[in-house]
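Next come the chains, spelled out residue by residue.
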Amino acid sequence: MAGQRFITAYKSIFNPKPVRPPFLHVCQVGDPVLRSEAKPVEVEHLNNPEIKQVILQMKQVMKRYDSVGLAAPQIGMPLRILLLEFSPKRKEQFGSEVYAAREMSTLPLTVIVNPKMDVLDYNKVEFPESCESVRGFSALVPRYKAVRLSGLNLKGEAVTLEGKGWLARMIQHEMDHLDGKLYLDCMTPRTFQNDAWHKINVHQGRVKIEFHKS
């Protein structure tokens, strides 16, 4: 009997209950959800508790990971929802020279449902890009210089957002997620790198990639 009680008491540790999306972490490359085409959200469902919960958790994950964009598939939900934000503090993080060279600009937290993208400037520029779903790595990625994003806000109203430079890059990156793509698919392959390669050498390999932020 004592043995049975032990097994019962610790069953949740040895066999934890499956965690279901929407997650409070970012899915990593290899997860099938990142390679599936996201489904549109029905307008009449925008006020459903389930959709509101997805968006709430997307906001929480963006804040936790201090990211500038997130698509619903990244938290396990194959829905056409994306969030974008580029706060003024980024200028200090990148420095004024990088900020200007990459044509960065501020953007308040913006939620777009069922987004569609049109290219406004087909010229491409190449800059380093990373992704929370390919954590710890980056590469140079060519992107269109200017795009227009159209979709719905949380009230179901039509909204439009035009972006150039870094904002255009952010939009294209998140739109790729909704179509089952990653920056790996359009990067310049020879530039793909582990961002901690120098630290790995300095610490003789005793370095790890953290996949969770508290």
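Quick look at the structure, then. All figures in this text were calculated on a predicted structure; none of them were measured in a lab. (Residues numbered from 1 in each chain as written. Predicted model: local features only at pLDDT ≥ 70, side-chain atom pairs only at ≥ 80, totals over all residues. Heavy atoms only, no water.)

### As for the overall build of the protein chain
Reasoning step 1: When you go through the protein chain residue by residue, the secondary structure sums to seven helices and six strands.
Reasoning step 2: What you see in the protein chain, going N to C, is helices and strands ordered as α-α-α-β-β-α-α-β-β-β-α-β-α.
Reasoning step 3: Expressed as a percentage of the 214 residues in the protein chain, the buried residues total 39%.
Reasoning step 4: Look at the contacts in the protein chain between residues 6 or more apart in sequence, and 69% of them connect residues 24 or more apart.
Reasoning step 5: Total accessible area on the protein chain stands at roughly 12700 Å², and carbon and sulfur atoms take up 54% of it.
Reasoning step 6: Side chains of the protein chain give 30 positive and 23 negative charges; the mean places of these two sets differ by 7 Å. (Helix = DSSP H or I, 4+ residues; strand = E, 2+ residues; numbered from the N terminus. Buried < 20%, exposed > 50% of the residue type's maximum accessible area, 1.4 Å probe, protein only. Contact = heavy atoms within 4.5 Å. Areas by Shrake-Rupley, 256 points an atom, 1.4 Å probe, with all protein chains shown as cover. Lys, Arg positive; Asp, Glu negative; His and termini not counted. Charge placed at Lys NZ, Arg CZ, Asp CG, Glu CD.)

### Some points on the environment of Met62
Reasoning step 1: Within the element layout of this structure, Met62 appears in helix 3 (residues 49-65).
Reasoning step 2: As a C-alpha pair, Met62 and Arg135 span 73 residues in sequence and 14 Å in three-dimensional space.
Reasoning step 3: Other than its neighbours up to four places away in sequence, Met62 contacts Ser67, Val68, Gly69, Leu70, Leu83, Leu84, Glu85 and Leu109.

### Comments concerning the packing of aromatic side chains
Reasoning step 1: Inspection of the entire model under this criterion finds five aromatic pairs.
Reasoning step 2: With centroids separated by 6.3 Å and ring planes inclined at 45°, the aromatic side chains of Phe86 and Tyr99 adopt a geometry described as tilted. Taken together, the positions of Phe86 in strand 2 (residues 81-86) and Tyr99 in helix 5 (residues 96-101) put the pair 13 residues apart, joining distant regions of the chain.
Reasoning step 3: Residue classification places Phe86 among the buried residues on the basis of a relative accessible area of 1%.
Reasoning step 4: The rings of Phe86, Phe94 and Tyr99 are connected pair by pair, giving a single aromatic cluster.
Reasoning step 5: In this structure, Lys124 is placed above the aromatic ring of Tyr144, and the distance from its NZ or CZ to the ring centre is 4.9 Å. (Phe/Tyr/Trp six-rings, centres within 6.5 Å; stacked < 30°, edge-to-face > 60°. Lys NZ or Arg CZ within 6 Å of the ring centre and 35° of its normal.)

### Examining helix 3
Reasoning step 1: Under the 1.5 Å per step criterion, the end-to-end length of helix 3 is 24 Å for 17 residues, consistent within 8% with the ideal 24 Å.
Reasoning step 2: Residues of helix 3 that are buried include every one of Ile51, Val54, Ile55, Gln57, Met58, Val61, Met62 and Tyr65, and no others. When helix 3 is viewed along its axis, its buried side chains cluster within an angular range of 165° and face the same direction. Away from the buried face of helix 3 by more than 90 degrees, exposed residues Pro49 and Lys63 are located. (Expected span 1.5 Å × (residues − 1). Arc of directions from axis to C-beta.)

### Describing unusual backbone geometry
Reasoning step 1: With an omega of 5°, the peptide bond between Pro21 and Pro22 qualifies as cis.
Reasoning step 2: Non-glycine residue Asp66 carries a positive phi angle of around 55°.
Reasoning step 3: The topology assignment puts Asp66 in the loop between helix 3 and strand 1 (69-71).
Reasoning step 4: Although it is not a glycine, Glu103 sits at a positive phi angle of roughly 50°.
Reasoning step 5: Inspection of the secondary structure puts Glu103 in the loop between helix 5 and strand 3 (107-130).

### Looking at the pattern of salt bridges
Reasoning step 1: Counted according to the given criterion, the structure contains 10 salt bridges.
Reasoning step 2: Here Lys89 ties to Asp66 by a salt bridge, and the two come within 3.1 Å at their closest N and O atoms. Residue Lys89 is located in helix 4 (residues 89-94), and its partner Asp66 is located in the loop between helix 3 and strand 1; the two are separated by 23 residues in the primary sequence.
Reasoning step 3: The class of Asp66 is partly exposed, set by a relative accessible area of 32%.
Reasoning step 4: Measuring nitrogen to oxygen at the nearest pair gives 2.9 Å for the salt bridge that ties Asp176 to Arg143. Of the two residues, Asp176 is situated in helix 6 (residues 166-178) and Arg143 in strand 4 (residues 137-152); the sequence distance between them amounts to 33 residues. (Salt bridge = Lys/Arg side-chain N within 4 Å of Asp/Glu carboxyl O.)

### Considerations on the pairing of strand 4
Reasoning step 1: Summarising the sheet, strand 3 and strand 4 pair through 13 bridges and their orientation is antiparallel. Bridging across to strand 4, Pro128 finds its partner in Leu140.
Reasoning step 2: Here strand 3 folds back onto strand 4 in antiparallel fashion, the turn holding six residues, of which Gly136 has a positive phi close to 95°.
Reasoning step 3: Bridging between strand 4 and strand 6 (residues 193-194) involves two bridges; their strand directions are antiparallel. Paired with Ser138 across the two strands is Gln193, which belongs to strand 6.
Reasoning step 4: Bridge count for strand 4 against strand 5 (residues 158-164) is seven bridges, and the pairing is antiparallel. What sits directly across from Arg148, in strand 5, is Glu162.
Reasoning step 5: Counting the residues that bridge the hairpin from strand 4 to strand 5 gives five residues, and of these Gly156 lies at a positive phi of roughly 85°. (Pairing = 2+ DSSP bridges.)

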